[in-house]
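# Overview (structure and organization)
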Amino acid sequence: MTDQRARWHHYVPQLHLRLFAADRARRFLYQHDKKNDKTLWRSIQRVAARTDYYTFTGPDGAPTDLLEQAFGQLETKVAPILRRFATLGPGPLTTTLDDRVHLGAYVALQYSRVPSHLARVQQIADFFGAITADVHLSEDAEGYRRLMREHGATESDEALDSERLRTLGQLRAGELEVRASQEAKLSSIGEAVKSIGPIVAAMHWTLIRRTTRPWFVLGDTPVVLFKENPDPWRGFGFATEGVEVHMPVSTTHAWVGTATDSPAAERVIDLADPEAANRMNAESWANAVEFVFGASTDAIHAARLATPHTARAYREPIAAIEGGPAQWESYKPRSRSSKSRSD
């Protein structure tokens, strides 16, 4: 039987990219590659996508595109909302409950399905997977022997203990890599949509419109969280007081969500200040990992110039977790006896 599953998966959907198209047929746009600092005319079908990016192993043991299909169902509901938003002029921003639920879920999806987020999730899962492996290898010799025998090992207890300690040494020396499963990584998307979607739906929404240059650009990380004067020692998220959530909708419109009410809430407003538009584009550029998309080379060039030099080039997604085996002890669960001794 021929495999009919979709394998070319867009992490920024074509329906969104077309709102930044450079041609009337909405088939092409300009893509800036932050790795080589080049801007090229590209087919929308070929950008912001990877082969089997959301493929996982189904219950029958075969690869499945069920997650990609689920994304498509939400995108179908969101497409008319984004297209309508891209045509609105100044005045009240009217939305239905369905609009808010669907766009809230879409914002959460576009925050969690992109390479920048999934790379960090992978790093965190790998890190704690290595810690778990270290705990079992160093503290559960009997469990290791039992597990190996369940998988057919016939060696003596002494031989299995030697193998366990050798494996532990390789892990602590960085010679053995622990990788979380694709399923574990992708499950974070569903959790994000479930937890973040309702927060976004309940926010105060503002739609910002530009009627002249600079036009908006779209990064490969479309959803940007912004907080004025953030605490350098604490992170912030969707539910943090004072956070704004930005997502460019089209070359002329950008969506903003806030937890705080304001005169601009639930309205479409014209953004006359070009510097304010440049700052939004700089945020999109700085948060993009590899690619920035626009309807013209001029739009991309203006966004690049508005971005600080340190944020213009490609950046590797890195989770805020540091350390190795020497630092793992603090993460290990302690037994009751060790707790009482320390107390």
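What you are looking at is a predicted structure, and each value in this text was computed from that prediction instead of being measured.

## What to know about the pairing of strand E12 (residues 253-258)
With 6 of 6 residues buried, E12 is to be regarded as a mostly interior element. Residue alternation in E12 divides its side chains into two sets, His253, Trp255 and Gly257 and Ala254, Val256 and Thr258, and both sets are buried. Relative to E12, strand E8 (residues 204-209) is paired through 6 bridges, and the arrangement is antiparallel. Its bridge partner being in E12, Arg209 is matched across the sheet by His253. Bridge analysis of strand E11 (residues 243-248) against E12 gives 5 bridges, and the strand direction is antiparallel. Note on E12: the bridge partner recorded for Pro248 is Ala254. In this antiparallel pair of consecutive strands, E11 and E12, the connection spans 4 residues.

## Section: helix H8 (residues 274-287)
Spanning 14 residues, H8 covers 20 Å between terminal C-alpha atoms, matching the ideal 20 Å at 1.5 Å per step. Along H8, the residues that are buried comprise Ala276, Ala277, Asn278, Met280, Asn281, Ala282, Glu283, Ser284 and Trp285. At the N-terminal end of H8, a side-chain oxygen is found 3.0 Å from the backbone nitrogen of Glu275, two or three residues along, and the residue is Asp273.

## Quick word on the side chain of Gln122
Secondary-structure assignment places Gln122 in helix H4 (residues 115-139). Residue class for Gln122 comes out buried when judged on its relative accessible area of 9%. Residues within four places of Gln122 in sequence aside, it is in contact with Arg179, Ala180 and Lys185.

## Some words on the environment of Ala288
Structurally, Ala288 can be placed in the loop between H8 and strand E14 (291-294). The exposure class of Ala288 is buried, given its relative accessible area of 0%. In contact with Ala288, other than residues within four places in its own chain, are Lys34, Gly219, Asp220, Thr221 and Arg315.

## Remarks on the side chain of His253
Inspection of the secondary structure puts His253 in strand E12. Its relative accessible area of 3% is what places His253 among the buried residues. Once residues lying within four places of it in the same chain are set aside, the contact partners of His253 are Phe85, Ala86, Thr87, Leu88, Leu207, Ile208, Arg209, Phe216 and Pro248.

## Some words on the packing of H4 against helix H7 (residues 182-201)
Between H4 and H7, whose axes approach to 9 Å, the crossing angle comes to 125°. Taken together, the axes of H4 and H7 are oblique relative to one another. Considering only the axes of H4 and H7, their crossing is right-handed. Counted together, His117, Leu118, Val121 and Gln122 of H4 and Lys185, Leu186, Ser188 and Ile189 of H7 form the full contact between these two elements. Within the contact of H4 with H7, the residues separate by chemical class into 4 nonpolar, 3 polar and 1 charged.

## Let's talk about the packing of aromatic side chains
Ring pairs (aromatic) are described by centroid distance and by the angle formed between their planes. On inspection of all chains with the given rule, the structure shows 9 aromatic pairs. Aromatic pair Phe127 and Phe128: ring centres 5.3 Å apart, planes at 85°, arrangement edge-to-face. Here the guanidinium or amino end of Lys35 rests over the ring plane of Tyr314, the centre of that ring lying 4.7 Å away. The aromatic ring of Trp8 is capped on one face by Arg46, whose charged end is 4.3 Å from the ring centroid.

## So, the nonpolar core
When a protein is soluble and globular, its nonpolar side chains tend to lie buried together. Ranked by size, the top nonpolar core spans 60 residues in total, and within it Phe85, Leu103 and Trp255 carry the most contacts. When residues no more than four places from it in sequence are discounted, the contact partners of Leu103 are Val78, Leu82, Phe85, Trp205, Met247 and Trp255. Counting 7 residues, the second-largest nonpolar core is a separate cluster that includes Val217, Val292, Ala299 and Ala303.

## Re the environment of Leu186
Relative to the helices and strands, Leu186 is located in helix H7. Considering only alpha carbons, one finds Leu186 and Ser250, 64 residues apart in sequence, at a separation of 28 Å. Those residues in contact with Leu186 that sit more than four places away from it in its chain are Tyr53, Tyr54, Thr55, Phe56, Leu67 and Leu118.

Reading guide: rules and limits
- Residues numbered from 1 in each chain as written.
- Predicted model: local features only at pLDDT ≥ 70, side-chain atom pairs only at ≥ 80, totals over all residues.
- Heavy atoms only, no water.
- Buried < 20%, exposed > 50% of the residue type's maximum accessible area, 1.4 Å probe, protein only.
- Helix = DSSP H or I, 4+ residues; strand = E, 2+ residues; numbered from the N terminus.
- Pairing = 2+ DSSP bridges.
- Expected span 1.5 Å × (residues − 1).
- Polar contact = N/O pair within 3.5 Å; in protein donor to acceptor, adjacent residues only side chain to side chain.
- Contact = heavy atoms within 4.5 Å.
- Axes fitted to C-alpha atoms, helices over the stretch in contact; angles between N-to-C directions.
- Parallel < 35°, antiparallel > 145°, perpendicular 65-115°, else oblique.
- Left-handed = near helix turned anticlockwise from the far one by under 90°.
- Nonpolar A, V, L, I, M, F, W, Y, C, P; charged D, E, K, R; others polar.
- Phe/Tyr/Trp six-rings, centres within 6.5 Å; stacked < 30°, edge-to-face > 60°.
- Lys NZ or Arg CZ within 6 Å of the ring centre and 35° of its normal.
- Core = buried A, V, L, I, M, F, W, Y, C linked by side-chain atoms within 4.5 Å.

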